[in-house]
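Structural features, examined
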Amino acid sequence: MSRIGPPLLVELRQVGKVYHLGESRITALKTVNLSIHRGEFVAVWGPSGSGKSTLCNLIGLLDVCSSGTVRFEGQDVAALSDDQRSELRNRGIGFVFQSFNLIPVLSALENVMLPLQISGVSTAQARRAARKRLAEVGLDDHAAHRPAKLSGGQQQRVAIARALVTDPALVIADEPTANLDSENALRITELMRRLNSNNGTTFVFSTHDQRLLERVERQIQMRDGEIIDDRSPEQPAMRLDRSVGL
Amino acid sequence: MMTWIKLALRNLFRNRRRSLFTILAIGLGFAAVNTLGGFTAYIFTSLKDSYIYAQGNGHLSVFKTGFLQEGKLDPTRYLIDEEEMGVIQQVLARHPEIVVVAPQLHISGLLSNGKVSTIFIAAGRVPSAVRRINEHARGMIGKIQLFDGKSLEDDVIHGIGLSRGLAEQLNLDLGSDAVAMAPTVSGQINALDAQVFQLFDGPVEALEDKLMSVSLKFAQSLYDTGSVDRLTLLLTNDDTTETVRAQLAGELAAEGLKLEVKTWNELSTFYTKVKQMFDVIFLFTFLIVFTIVVMSVINTVSMAIMERTREIGTLRALGFKRRGIVGLFAAESMLLGILGSLLGMVLTLITWSGVAFFKPTWIPPQITRRVPLEVYLVPDYMLYSILLLIVLSLAAASLPARTAARMQIVGALGHT
Ligand SMILES: Nc1ncnc2c1ncn2[C@@H]1O[C@H](COP(=O)(O)OP(=O)(O)OP(=O)(O)O)[C@@H](O)[C@H]1O
Ligand SMILES: [Mg+2]
């Protein structure tokens, strides 16, 4: 029972997700058991429709599961109200989306400031923190630009800065590179890797691009709503059923 | 706070044309309601001034209790005799706010040109007192002469005025002689020589061939009495009408007199009817504007929500609460309401100054002369309009905004 090492951040137990589309039921996740610890860099990969996004959405508290339990920082997510989940997302989780999802009427800097302003941080303080994050992703000279004036790679870097601005415990990136060319895809992945090792921020990112998995320590492979493989390249066997014993 | 208002404002600018049309709809609605409101305010004031001052009816009238209901059946019983008048005068003298006291006796009978005769009804009034009432009128109203010919005089008893219809029926003109006949208060038939001093237009069609105006002394001679049937009182200030009425009623009752005091708007049925009509028109206009504003705001907000579904999902993911989403769209529609109201105020001011500059004239009902058409600026209406339009915009936005706030985040982000 007792484990040495970094504390548990997210825990999924017997988690299933069913979508109702009119009469029909679509099982997106069957029974998933999964534990993610602080500081991990986790890649979720698998074919289209395998349930990667569904998994990311449940871990990111964007959706609630149909069965099983999802715990974030030990807290059963199903027991939280919508407002409490919003607060938890705001302070504890950063999001990077496939299509960047920057607010078009806000400048790059204002986009990065947004999560802080939602939590009620003063404008001056938010601006200072946002500038720092923009510098971190190498876009401090584009602070005043609106998203439409930025390239895809630049937009995604702004989005990463936005995801990190609240110093969240976890960043969820669902296919962050799918809309980027391979060079930018690599750069974004590298950036996330660097932020993970420099700041210790936990990353969960999904992809179906196998090339991006090189040097990712933990890889979760999905198929048909199930995790079929959960391993790190260096220590193949150790992690497979780590969640089962908890 | 400023951040969200800034965000709302920028969002409005995203679809300029749509926002502009909504603001225009609100502005035009605002201007329509306020211009119509300003026009009705002018109409009401004119009718009121015309009744009180131009027609010389004053603010208050004192009758014997029951006169208005049964006065015609038993004239003697409901007349105010000289002795009672003395008591009333004493009470009135205690009130400096009463500036003119004008007794009247309304009569009816037959008017003859020597060959044929026809029915007339007439108000017997003291010409000098009526003139003093006229002189108190503000602006144009007191200066409009409502008749052709010369004015009646207190002591030139035989001078009378005829409505044009009545004069036509008897083939009388200015200067013609006629004879008025009527039963006296004691029941004998009496006749009095008269000369046509003036011709005027009857205020309503039905009275056009019956109405006559005479001096009080003429009326009293014809009825063979020293009594009057009412006292009309002019006050210094319109707003004191109700208070003075209440005071007088109390004081007169304390003197043991069975009298009732009526206000000008209780007696002016025309004013009341016109007011009711304009109130209905106003209500209709208001409802139309209301509907247009609500519909265009609902439309604008719904479209914005549809276009920005993914953005709503993003904001929710970043930690916006449901009420934050409602607040964001509420702020946008409130800005629409505010900007629309501002535009509306400008449009109303333009209309107002246009009317003030070009001074259009018109012939209102019941008056046969051209008079200037005016539109008043009513700050109260403006204030209520602004508040109401903002509240309306908010209410209209709340429905679609609530739906937006209840959207599934994952669905809003668009499942990939
Ligand atoms: N909102 C939804 N309503 C109905 N079915 C859905 C919904 N979201 C996902 N699904 C279904 O659930 C299954 C898993 O979908 P999910 O989006 O998690 O897969 P994915 O691995 O992210 O695929 P992709 O690589 O295409 O993004 C699919 O069959 C999908 O059609
Ligand atoms: Mg997906």
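Since this is a predicted model, take the numbers as computed values, not measurements.

Before going further, it helps to examine the interface of chain A and chain B. Of the residues lining the interface, 30 residues belong to chain A; the matching set on chain B comes to 24 residues. At the boundary of chain A with chain B, total buried surface from both sides reaches about 2400 Å², with 58% on carbon and sulfur atoms. Joining chain A to chain B, the criterion identifies 6 salt bridges. Contributing elements (two or more residues each) for the side of chain A that touches chain B: α1 (52–59), α2 (82–92) and α3 (108–118) of chain A. Sort the elements by how many residues they give to the side of chain A that touches chain B and α2(A) lands first, with 6 residues. Split by residue class, the side of chain A that touches chain B holds 11 nonpolar, 10 polar and 9 charged.

With that out of the way, let us pick up the pattern of salt bridges. Applying the stated criterion to the full structure yields 31 salt bridges over all chains. Between Arg211(A) and Asp209(A) there is a salt bridge, and its shortest N-O distance comes to 3.1 Å. When its relative accessible area of 52% is taken as the criterion, Arg211(A) is described as exposed. Glu242(B) serves as the salt-bridge partner of Arg245(B), at 3.3 Å between the closest nitrogen and oxygen. Taken together, the residues Arg245(B) and Glu242(B), both in helix α8 (residues 241–254) and 3 residues apart, mark about one turn of the helix. Here the salt bridges share partners, and the residues they tie into one network are Arg14(B), Arg308(B), Glu311(B) and Glu332(B).

Attention shifts here to the sheet that holds strand β3 (residues 41–45) of chain A. Sheets are built from strands paired through backbone hydrogen bonds, the pairs being either parallel or antiparallel. Residue and element names in this part refer to chain A. Strand order in this open sheet of 6 strands is β6-β7-β8-β3-β9-β10, and the pairing throughout is mixed. With one partner strand each, in any of the chains shown, β6 (93–96) and β10 (226–231) form the two edges of the open sheet. For this sheet, the mean angle separating the axes of adjacent strands, direction not counted, is 15 degrees. Contacts from helix α6 (residues 182–199) reach β3, β7 (170–174) and β8 (202–207) within the one sheet, and its direction differs from that of β8 by about 160 degrees.

Our focus in this paragraph is the packing of aromatic side chains. The final tally for this structure, using the stated rule, is 15 aromatic pairs over all chains. On the numbers, 5.6 Å between centres and 45 degrees between planes, the contact of Phe41(A) with Phe205(A) is tilted. In this pair, Phe41(A) is assigned in strand β3 and Phe205(A) in strand β8, connecting sequence segments 164 residues apart. Judged by its relative accessible area of 0%, Phe205(A) falls in the buried class. Each ring, one from Trp4(B) and one from Phe320(B), has its centre 5.2 Å from the other, and the planes form 80 degrees; the classification is edge-to-face. Highlighted residues: Trp4(B) in helix α1 (residues 2–14) and Phe320(B) in the loop between α11 (309–317) and α12 (322–358), separated in sequence by 316 residues. Residue Trp4(B) is classed as partly exposed on the basis of its relative accessible area of 21%.

This brings us to the state of the cysteines. Residue and element names in this part refer to chain A. Applying the stated criterion across every chain yields a total of 0 disulfides over all chains. Cysteine Cys56 is unpaired, with the sulfur of Cys65 as its nearest cysteine sulfur at 15 Å. Note on Cys56: relative accessible area 1%, which makes it buried.

Attention shifts here to the confidence of the model for chain A. Per-residue confidence for chain A averages 90 on the pLDDT scale, and 92% of its residues sit at or above 70. Overall, residues 234–246 of chain A carries pLDDT values under 50, and its contacts beyond four positions in sequence, including any with other chains, amount to 22 contacts.

Residues and elements named next belong to chain B. Where helix α2 (residues 16–54) contacts α12, the two axes come as close as 7 Å, and the packing angle between them is 45 degrees. Considering the angle they form, α2 stands oblique to α12. Like other packed secondary-structure pairs, α2 and α12 cross with a definite hand, here right-handed. Each of Ser19, Thr22, Ile23, Leu24, Ile26, Gly27, Leu28, Phe30, Ala31, Asn34 and Thr35 in α2 lies in contact with α12, whose residues at this interface are Leu336, Gly337, Leu339, Gly340, Ser341, Leu343, Gly344, Met345, Leu347, Thr348 and Thr351. Looking at the contact of α2 with α12 residue by residue, the class counts come to 11 nonpolar, 11 polar and no charged.

With that out of the way, let us pick up the site of ligand 1. All names here are of chain A. Within the structure, ligand 1 sits among 16 residues, and Ser48, Gly49, Lys52, Ser53 and Thr54 are positioned closest to it. A distance of 2.8 Å is found between an oxygen atom of ligand 1 and a side-chain nitrogen or oxygen belonging to Lys52. Isolated, ligand 1 exposes 630 Å² of accessible area, and the fraction of that covered by the protein chains is 80%. Counting only elements with at least two residues in the shell around ligand 1, the list comes to β1 (8–21), β2 (24–37) and α1. Looking at which element gives the most residues to the shell around ligand 1, the answer is α1, with 3 residues.

Our focus in this paragraph is the pairing of strand β3 (residues 117–125) of chain B. Every regular strand shows the same layout, with side chains that alternate between the two sheet faces. All names here are of chain B. For strand β2 (residues 98–112) and β3, the ladder comprises 9 bridges, and the chain directions are antiparallel. Opposite Leu110, over in β3, you have Ile119 as the bridge partner. Between the antiparallel neighbours β2 and β3 lie 4 residues, among them Gly114 with a positive phi of about 105 degrees. One ladder, built from 5 bridges, connects β3 with strand β8 (residues 211–215); its direction is parallel. Directly across from Ala122, in β8, lies its bridge partner Met212.

Quick notes on the rules
Residues numbered from 1 in each chain as written. Chains lettered and ligands numbered in written order. Predicted model: local features only at pLDDT ≥ 70, side-chain atom pairs only at ≥ 80, totals over all residues. Heavy atoms only, no water. Contact = heavy atoms within 4.5 Å. Buried area = accessible area lost by both parts, 1.4 Å probe. Salt bridge = Lys/Arg side-chain N within 4 Å of Asp/Glu carboxyl O. Helix = DSSP H or I, 4+ residues; strand = E, 2+ residues; numbered from the N terminus. Nonpolar A, V, L, I, M, F, W, Y, C, P; charged D, E, K, R; others polar. Buried < 20%, exposed > 50% of the residue type's maximum accessible area, 1.4 Å probe, protein only. Pairing = 2+ DSSP bridges. Axes fitted to C-alpha atoms, helices over the stretch in contact; angles between N-to-C directions. Phe/Tyr/Trp six-rings, centres within 6.5 Å; stacked < 30°, edge-to-face > 60°. Disulfide = S-S within 2.5 Å. pLDDT = per-residue confidence, 0-100. Parallel < 35°, antiparallel > 145°, perpendicular 65-115°, else oblique. Left-handed = near helix turned anticlockwise from the far one by under 90°. Near = heavy atom within 4 Å. Polar contact = N/O pair within 3.5 Å; in protein donor to acceptor, adjacent residues only side chain to side chain. Areas by Shrake-Rupley, 256 points an atom, 1.4 Å probe, with all protein chains shown as cover.

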